[in-house]
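Take a look at the letters that make up each chain.
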Amino acid sequence: MPTCPPDAAERAMVNQQEKPTYVRRMFDAIAPTYDFMNTVMTAGAHHLWRRTTARQIVADDPLVVLDLACGTGDLSFAVMQEAMAPCTILGADFSRPMLNLAQDKHGNLPEHRFPIVFLQANVLSLPLPDASIDVITNAFLLRNLVDLNVLFSECLRVLRPGGKFITLEITHPPVPVFRSAFALYFNNVVPVLGNLLVRHQEAYTYLPTSLQSFPNAPNLAEAMRASGFADVSYRYLGLGTVALHSANKVT
Ligand SMILES: C[S@@+](CC[C@H](N)C(=O)[O-])C[C@H]1O[C@@H](n2cnc3c(N)ncnc32)[C@H](O)[C@@H]1O
């Protein structure tokens, strides 16, 4: 089994203080090949996970949906495709190259059913008024943050009472045999694919590293409850490699 050279592994063990800058620079650098690598690493399954997430987002016909760390826009586009009633979608990300791709892809879509507005912003300090959003969602953001509580309290500020928080993230599979197989694949194969296919071994070494200290799905649910969300629930997708958490803001 191929392994990652120690220098790439060391560089990917990023210091917490430097993490936001490290993460932004990394996504700036990998933006052009980000979608391709997602499809390779998940054998295309990420499209299915986003569609499942989008269906949950639009279930109560929200008027305004905020896609945090929207990246190249795929979850925002899935929400637009699944929405049954008119809704406005906001996509926020701090990486300009990722947002540029989202805007280009948006321009090339055959159909624009509802408006999507992309904005450059730090998700920990959103340029949005209190209680202005019906559903806040995010895909593959949480592992990149130093303190989840900062994000949760910012989301609770921006969500209207009764609003929903829906998050899709890589997780630790609950079944031991899948957990071992996934760890083998994620820690050893993914960095090599990143190097061979897109010459970004460090970014694809950071990816498994970012999961190591990330809470498992029950603990993430507990952290959401502790920060003030109600009705927290979750389900596994992709043989337990991905978890979809959902919660409400009560007041
Ligand atoms: C793994 S990508 C996910 C992109 C997209 N949500 C998707 O599903 O493909 C993580 C994204 O989070 C963004 N990001 C990380 N930390 C952020 C922050 N503090 N504020 C804004 N964007 C952030 C990165 O720029 C990157 O586009």
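Rules of the game
Residues numbered from 1 in each chain as written. Predicted model: local features only at pLDDT ≥ 70, side-chain atom pairs only at ≥ 80, totals over all residues. Pairing = 2+ DSSP bridges. Helix = DSSP H or I, 4+ residues; strand = E, 2+ residues; numbered from the N terminus. Axes fitted to C-alpha atoms, helices over the stretch in contact; angles between N-to-C directions. Buried ≥ 20, exposed ≤ 12 C-beta atoms within 10 Å, placed from the backbone. Contact = placed C-beta atoms within 7 Å. Right-handed = clockwise from strand over helix to strand, strands pointing away. Near = placed C-beta within 6 Å. Nonpolar A, V, L, I, M, F, W, Y, C, P; charged D, E, K, R; others polar. Parallel < 35°, antiparallel > 145°, perpendicular 65-115°, else oblique. Left-handed = near helix turned anticlockwise from the far one by under 90°.

## Structural notes on the sheet that holds strand β7 (residues 242-248)
Here is step 1: Strand order in this open sheet of seven strands is β3-β2-β1-β4-β5-β7-β6, and the pairing throughout is mixed. Pairing within the sheet leaves two strands with one partner each, and these edge strands are β3 (116-120) and β6 (230-237). Strand-to-strand, the axes of this sheet are offset by a mean angle of 15°, without reference to chain direction.
Here is step 2: As paired elements, strand β1 (residues 64-68) and strand β2 (residues 88-93) share five bridges and run parallel to each other. Residue pairing in the sheet places Leu 66 in a bridge with Leu 90 of β2.

## Things to note about unusual backbone geometry
Here is step 1: Here the phi dihedral of Ala 43 falls at roughly 50°; this positive angle occurs in a residue that is not glycine.
Here is step 2: Inspection of the secondary structure assignment puts Ala 43 in the loop between α2 (19-42) and α3 (45-57).
Here is step 3: The exposure class of Ala 43 is exposed, given the 8 C-beta atoms found within 10 Å.

## So, helix α4 (residues 74-82)
Here is step 1: Counting buried residues along α4, seven of its nine residues qualify, which places the element largely inside the surrounding structure.
Here is step 2: Inspection of α4 places Asp 74, Leu 75, Ser 76, Phe 77, Ala 78, Val 79 and Met 80 among the buried residues, and these make up the whole buried set.
Here is step 3: Packing partners of the buried residues in α4 comprise α3, β1, β2, β3 and β4 (133-139).

## Side note on the environment of Leu 197
Here is step 1: Tracing the backbone through its elements, the reader meets Leu 197 in helix α7 (residues 176-198).
Here is step 2: A count of 14 C-beta atoms within 10 Å places Leu 197 in the partly exposed class.
Here is step 3: Put simply, Leu 197 and Thr 33 are 164 residues apart on the chain and 9.2 Å apart in space, counted from C-alpha to C-alpha.
Here is step 4: Residues in contact with Leu 197, not counting those within four places in the same chain, are Met 37 and Val 40.

## Considerations on the pairing of β2
Here is step 1: Counting buried positions over the six residues of β2 gives five, a clear majority of the element.
Here is step 2: Once you follow β1 into α4 and on to β2, the crossover reads as right-handed.
Here is step 3: Relative to β3, β2 runs parallel, the two being bridged by five bridges. Each residue of the ladder has a partner; that of Ile 89, found in β3, is Ile 116.
Here is step 4: Handedness of the β2-helix α5 (residues 96-108)-β3 crossover: right-handed.

## A closer look at the site of the ligand
Here is step 1: Among the 20 residues in the neighbourhood of the ligand, the closest are listed as Ala 69, Gly 71, Phe 94, Ser 95 and Ala 139.
Here is step 2: Going through the elements one at a time, α2 and α4 are the ones with two or more residues in the shell around the ligand.
Here is step 3: Among the elements that take part in the shell around the ligand, α2 stands out by supplying four residues, more than any other.
Here is step 4: Within the shell around the ligand, the residues separate by chemical class into 13 nonpolar, four polar and three charged.

## Some points on the packing of α3 against α4
Here is step 1: Contact geometry for α3 and α4: axes closest at 8 Å, N-to-C directions at 55°. For the element pair α3 / α4, the angle class is oblique. In this structure, α3 crosses over α4, and the sense of that crossing is right-handed. Together, Arg 50, Arg 51, Thr 53, Ala 54, Arg 55 and Ile 57 of α3 and Asp 74, Leu 75, Ala 78, Val 79 and Glu 82 of α4 make up the contact between the two elements.
Here is step 2: Looking at the contact of α3 with α4 residue by residue, the classes come out as five nonpolar, one polar and five charged.

## Description of the environment of Val 232
Here is step 1: Assignment of secondary structure puts Val 232 in strand β6.
Here is step 2: The class of Val 232 is partly exposed, set by 18 C-beta atoms lying within 10 Å.
Here is step 3: Once you skip the residues sitting within four places of it in the chain, Val 232 turns out to touch Ala 221, Met 224, Arg 225, His 245 and Ala 247.

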